[in-house]
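An overview of the molecular structure
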Amino acid sequence: MVGGPSAVSSNSPLLRRSGSKPVLSELINEMKSASLPLTGAAIMPSPALLWRFKVLLFILWGFICCKVGWDSVMRMSADLRDLFIYEAFLYYNPLLLMSLTVWLWGVNLWVFSQSQLAIPKFLILIILISRTEKYGR
């Protein structure tokens, strides 16, 4: 019967009897275990090298994107180019300003984390200075 359960006889050459020759997969596993084990430290490059490679790829990607974009804009006629730059400025200016604000905030947090200034004391100092300027004391 096609597609139904098939009964495999005990005399089938596909079954391995105890004491018979090992099958191919067992031979391959034995050969792998008999060879010298490779450690991950010998194969993996250092994290600093990987980081530098990622930075190099990122810079290369950025250069290619800028080159393609510049060539595309420079192929336009002068009128179309002016219109394109004007519309791109209107569209992307708020996004770029918000991105710059978040990036500068991150730089600010990084500077404070690297310095030995106590942020609460610094904020109290700013509040005291603003009060003296406000009330003229």
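The rules we used
Residues numbered from 1 in each chain as written. Predicted model: local features only at pLDDT ≥ 70, side-chain atom pairs only at ≥ 80, totals over all residues. Heavy atoms only, no water. Disulfide = S-S within 2.5 Å. Buried < 20%, exposed > 50% of the residue type's maximum accessible area, 1.4 Å probe, protein only. Phe/Tyr/Trp six-rings, centres within 6.5 Å; stacked < 30°, edge-to-face > 60°. Helix = DSSP H or I, 4+ residues; strand = E, 2+ residues; numbered from the N terminus. Patch = residues over 30% accessible without salt bridge, like charges linked within 9 Å, V, L, I, M, F, W, Y side chains within 5 Å. Areas by Shrake-Rupley, 256 points an atom, 1.4 Å probe, with all protein chains shown as cover. Salt bridge = Lys/Arg side-chain N within 4 Å of Asp/Glu carboxyl O.

Using the criterion set out here, one finds zero disulfides in the structure. A disulfide-free cysteine, cysteine 65 has its sulfur positioned 6.9 Å from the sulfur of cysteine 66, the nearest such atom. For cysteine 65, a relative accessible area of 40% gives the class partly exposed. Residue classification places cysteine 66 among the exposed residues on the basis of a relative accessible area of 58%.

On to the packing of aromatic side chains. Inspection of the entire model under this criterion finds three aromatic pairs. Both rings, one in phenylalanine 58 and one in tryptophan 61, keep their centres 5.7 Å apart while their planes meet at 35°; by these two values the pair is tilted. A residue pair is termed a helical-turn pair when its members lie 3 or 4 positions apart in one helix, as phenylalanine 58 and tryptophan 61 do in helix H3 (residues 47-74) at three residues.

Residues Phe53, Leu56, Leu57, Leu60, Phe63, Ile64 and Val68 make up a contiguous nonpolar surface patch of about 710 Å² in total accessible area. Within the secondary structure layout, leucine 56 lies in helix H3. Leucine 56 gets classed as exposed once you look at its relative accessible area, which sits at 54%.

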